[in-house]
Amino acid sequence: MSEPRTSPRRQLLEAMGLSLQRISIANGYLTDAGAGWTLEPAPGDQDSLAVLTAVIEKQQRAETPSKVISHRLTTVSVIAKVPSDTAAYQEKLDDLVTDIEAAMDSRETARNFPDGIQVPVYVGMEPLMPEKASAGWVGALITYQTHIPKK
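Residue numbers restart at each chain and count upward from 1, following the sequence in its written direction. Given that the model is predicted, a residue must reach a pLDDT of at least 70 before its local features are reported, and side-chain atom pairs must reach 80 or more before they are shown or counted; all residues, however, enter totals for whole chains, interfaces and linings. As a rule here, side-chain values come from all non-hydrogen atoms in the structure, and water together with hydrogens is ignored.

I'd like a description of the overall build of the chain, backed by residues and values.
On a plain count of helices and strands, the chain comes out with three helices and four strands. The order of α-helices and β-strands along the chain, N terminus first, is α-β-β-α-α-β-β. The globule rule puts the C-alpha radius of gyration for 151 residues at 15 Å, and the 16 Å found for the chain is close to it. In terms of principal-axis extent, the alpha carbons of the chain reach across some 50 × 35 × 30 Å. A fraction of 64% describes how many contacts in the chain between residues 6 or more apart in sequence connect residues 24 or more apart. In this text, helices come from DSSP runs of H or I with a minimum length of four residues, and strands from runs of E with a minimum of two, each type numbered from the N-terminal end. Only C-alpha atoms enter the radius of gyration, while the globule expectation follows 2.2 Å times N to the 0.38, with N the number of residues. Contact definition: two residues touch when any of their heavy atoms are within 4.5 Å.

Encoded structure:
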C-alpha cells in the first residue's frame with residue numbers, strides 16, 4: 001500500500017514554513033517571529049508572544065499559457081503578529097515586514113520548494129492593528145503568489 005501524497009498546497013505551505021521559521025534575532029533578523037510558526041493557528045494563539053502562519057487565499061487559472069493545463073496560480077497570505085507597545089507600533093511593523101520579506105527572498109528559501117512549485121513572489125502588504133491600543137501587538141498580512149502543480 002502506498003503512502004498518501006501530500007497535496008501541492010500543503011507542500012507550498014510547508015516550504016514557506018521552513019523559510020519563515022528561520023526568523024529569529026539569533027539568525028540575524030529583527031524579530032523572533034519565526035518562533036510563532038504554525039500551520040494551524042488556534043484561538044489561544046492570541047496570547048502567545050508571536051504568531052506566524054500562511055494560508056491559501058485562492059487559486060485561479062495560471063497566468064503563463066504553458067502552465068494553464070498543469071498548474072494553478074495560487075495566492076498565499078502570510079499572517080504575522082509580534083508583541084509591541086503603543087509607542088513602537090510603526091517600528092515593530094516595519095521590522096516584522098522586513099523580516100518576512102528577507103526570509104522569503106533568501107537563497108535558502110529557493111531550496112525549500114519542491115520541483116514544480118515556484119518560489120512565491122511578493123504581491124502586497126496590509127498592516128494588522130489591534131482594535132485596542134493596549135492589546136500589546138502589531139501584525140501584518142503579506143500576500144504572495146506562485147504557480148503550483150494541480151496534482
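Residues and numbers for helix 1 (residues 8-20), please.
In this model, helix 1 (13 residues) spans 18 Å end to end at C-alpha, consistent with the 18 Å of a helix rising 1.5 Å per residue. Taken together, the buried positions of helix 1 are Pro 8, Leu 12, Leu 13, Ala 15, Met 16, Gly 17, Ser 19 and Leu 20. For helix 1, the elements touching its buried residues are strand 1 (51-61), strand 2 (71-83), helix 2 (89-105), helix 3 (107-112) and strand 4 (137-149). The span one expects for a helix is its residue count, reduced by one, times 1.5 Å. Relative accessible area decides the class of each residue, using a 1.4 Å probe on protein chains only: under 20% of the type maximum gives buried, over 50% gives exposed, and in between gives partly exposed.

Describe the pattern of salt bridges, naming the residues involved and giving the relevant values.
Any Lys or Arg side-chain nitrogen found within 4 Å of a carboxyl oxygen on Asp or Glu counts as a salt bridge. Across all of its chains, the model carries two salt bridges by this definition. Across the salt bridge formed by Glu 14 and Arg 10, the nearest N and O atoms sit 3.1 Å from each other. One end of the pair is Glu 14 and the other is Arg 10, both in helix 1 and four residues apart, which spans about a single turn. Residue classification places Arg 10 among the partly exposed positions, given a relative accessible area of 34%. A salt bridge links Glu 40 to Arg 10; the shortest N-O distance between them is 3.9 Å. With a gap of 30 residues between them, Glu 40 in the loop between helix 1 and strand 1 and Arg 10 in helix 1 connect regions that are remote in the sequence. Among the residues examined, Glu 40 registers a relative accessible area of 58% and is labelled exposed.

Describe the layout of surface pockets, listing the residues and the values that go with them.
Residues are called lining when one of their atoms sits within 4 Å of a cavity or pocket point, these points coming from a 1 Å grid over the protein atoms alone, where a cavity is a set in which a 1.4 Å probe fits but cannot get out and a pocket is an open set with protein on both sides within 12 Å along at least five of seven lines. Grid points are joined across faces, edges and corners, and a volume is the space filled by probe spheres set on the points. A volume near 160 Å³ is recorded for the largest pocket. Along its surface, the largest pocket is lined by Ile 25, Leu 30, Thr 31, Asp 32, Ala 33, Ala 35, Gly 36, Leu 49, Ala 50, Val 82, Pro 83 and Lys 92. Charged means Asp, Glu, Lys or Arg here, nonpolar means Ala, Val, Leu, Ile, Met, Phe, Trp, Tyr, Cys or Pro, and polar covers whatever is left, Gly included. Across the lining of the largest pocket, the residue classes tally to eight nonpolar, two polar and two charged.

Report on the environment of Val 76, specifying residues and quantitative values.
Looking at the element boundaries, Val 76 is found in strand 2. For Val 76, a relative accessible area of 0% corresponds to the buried category. Along the chain, Val 76 and Asp 99 lie 23 residues apart, while their C-alpha atoms are 17 Å from each other.

A description of the nonpolar core should follow, citing residues and the corresponding values.
Side chains of nonpolar character tend, in soluble globular proteins, to be buried together. As used here, the term nonpolar core means buried Ala, Val, Leu, Ile, Met, Phe, Trp, Tyr and Cys residues forming a set that is joined through side-chain atoms within 4.5 Å. Judged by nonpolar contacts, the single largest core of 31 residues is most densely connected at Met 16, Leu 20, Ile 23, Leu 52, Val 78 and Ile 100. At the level of secondary structure, the elements contributing two or more residues to this core comprise helix 1, strand 1, strand 2, helix 2 and strand 4. In terms of residue count, the dominant contributor to this core is helix 2 (seven residues). The contact partners of Leu 20, leaving out residues within four places of it in the chain, are Gly 34, Trp 37, Leu 52, Val 78, Ile 100, Ala 103 and Met 104.

Could you give me a rundown of the side chain of Lys 67, with the residues and numbers involved?
Tracing the sequence through the fold places Lys 67 in the loop between strand 1 and strand 2. Although Lys 67 lies buried, it forms no salt bridge, and the closest oppositely charged side chain, Glu 63, sits 10 Å away as judged by the N-O distance. Sequence-distant contacts of Lys 67, that is, excluding residues within four places in its chain, are made with Ala 62, Gln 118 and His 147. His residues and chain termini do not enter the charge count, which takes Lys and Arg as positive and Asp and Glu as negative.

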